[in-house]
Amino acid sequence: MRTRIKFCGLVRDVDVDTAVALGVDAVGFVFYPRSPRALSAEDASLLRRRLPSWVRAVGLFVNASDDQLAQIHSRVGLDVLQFHGDESQDDCLRGGIMAARPWWRAVRMRGTGDLLESAGTFPHAEALLADSFHSGYGGSGQAFDWSWIPHDFGRPIILSGGLDAARVGDAIAQVSPFAVDVSSGIQGEDPRSKDSSKMERFVEEVLRSDLRRAEQARPSLIAPSSTQPAQP
């Protein structure tokens, strides 16, 4: 029943340390040069060293070449590759094999059939990351219609797009994703900083939502009585 948490677009030491202290499951580093949160391999490698073994380092790529993937992975030591561009199944599979790492495929949601189509197109993806569609690449910070995600989908879904502390509880209740992914929803004064209070509230809301789901799923410990009331 536990929903995993990924904080994406981390750039500063202090934000990585806060994420670790809050118990997140994964931290995302952006290697798309046009992103305001883009990192060099050298800077990402320094941040990577701050992560304990139980927090996964995820690298976000957009149409990167094989050489770029190999160089960045070799320098940083990523645990997961996340493809956000126009990569084909062969591109993603080759990148994952080359790095000997699992990979996730972002799905830019425009309608009810997008996840099912992507499940068939990318059968080797460890998870599909559902994000809102927009004309550019990477996250948009906007939400999409969660009803587009089929119930009992059968593949791990990472829910992204427009999530923050105010919305993540409803998202988990409606979608029951394997994980939630947030970036702009925990942003600080500029795109390259995170707000520690927003980070903390986001984690609290995820934990609170999971607790509600667990309580709803827990069978009652009081069995209904079969004894008929005494007649007057």
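So, here's what we can say about the structure. (Residues numbered from 1 in each chain as written. Predicted model: local features only at pLDDT ≥ 70, side-chain atom pairs only at ≥ 80, totals over all residues. Heavy atoms only, no water.)

**So, the side chain of Glu-87**
Argument step 1. Considering the arrangement of structural elements, one finds Glu-87 in the loop between β4 (80-83) and α4 (89-99).
Argument step 2. When its relative accessible area of 6% is taken as the criterion, Glu-87 is described as buried.
Argument step 3. In this structure the side chain of Glu-87 is engaged in a polar contact, spanning 2.7 Å, whose partner is the backbone nitrogen of Asn-63.
Argument step 4. Separated by 2.8 Å, the side chain of Glu-87 and the backbone nitrogen of Gly-85 make a polar contact.
Argument step 5. Among residues more than four places away in sequence, those in contact with Glu-87 are Phe-61, Val-62, Asn-63, Ala-64, Cys-92, Arg-105 and Phe-122. (Helix = DSSP H or I, 4+ residues; strand = E, 2+ residues; numbered from the N terminus. Buried < 20%, exposed > 50% of the residue type's maximum accessible area, 1.4 Å probe, protein only. Polar contact = N/O pair within 3.5 Å; in protein donor to acceptor, adjacent residues only side chain to side chain. Contact = heavy atoms within 4.5 Å.)

**Considering the environment of Arg-167**
Argument step 1. Tracing the backbone through its elements, the reader meets Arg-167 in the loop between β7 (157-159) and α6 (168-175).
Argument step 2. Given a relative accessible area of 34%, Arg-167 falls into the partly exposed group.
Argument step 3. With 89 residues separating them in the primary sequence, Arg-167 and Leu-78 have C-alpha atoms 29 Å apart.
Argument step 4. In this structure, Arg-167 is in contact with Ala-143, Trp-146 and Gly-162, ignoring residues within four places of it in sequence.
Argument step 5. Among the polar contacts listed, one links the side chain of Arg-167 to the backbone oxygen of Gly-162, at a separation of 3.3 Å.

**Observations regarding the nonpolar core**
Argument step 1. Phe-7, Phe-29, Leu-159, Val-180 and Phe-202 are the most contacted members of the largest nonpolar core, which has 52 residues in total.
Argument step 2. Listed in part, the 9 residues of the second largest apolar core include Ala-26, Val-58, Trp-104 and Ala-127. (Core = buried A, V, L, I, M, F, W, Y, C linked by side-chain atoms within 4.5 Å.)

**Brief notes about the sheet that holds strand β6 (residues 127-132)**
Hydrogen bonding along the main chain pairs the strands of a sheet, whether they run parallel or antiparallel.
Argument step 1. Reading around the circumference, β1-β2-β3-β4-β5-β6-β7-β8 is the order of the 8 strands in this closed barrel, with parallel pairing throughout. For this sheet, the mean inter-axis angle between neighbouring strands, taken without regard to orientation, is 25°.
Argument step 2. Pairing of β6 with β7, which is carried by 3 bridges, proceeds in the parallel orientation. Bridging from a neighbouring strand, Ala-130 pairs with Leu-159 of β7. (Pairing = 2+ DSSP bridges. Axes fitted to C-alpha atoms, helices over the stretch in contact; angles between N-to-C directions.)

**Topic: the pattern of salt bridges**
Argument step 1. Scanning all chains against the criterion turns up 14 salt bridges.
Argument step 2. Of the charged contacts in the structure, one is a salt bridge between Asp-181 and Lys-6, with a shortest N-O distance of 3.1 Å. Remark: Lys-6 occurs in strand β1 (residues 4-8) and Asp-181 occurs in strand β8 (residues 179-182); sequence separation between them is 175 residues. Exposure class is identical for Asp-181 and Lys-6. Each is buried.
Argument step 3. One continuous salt-bridge network, built from bridges that share partners, spans Asp-13, Asp-17 and Arg-50. (Salt bridge = Lys/Arg side-chain N within 4 Å of Asp/Glu carboxyl O.)

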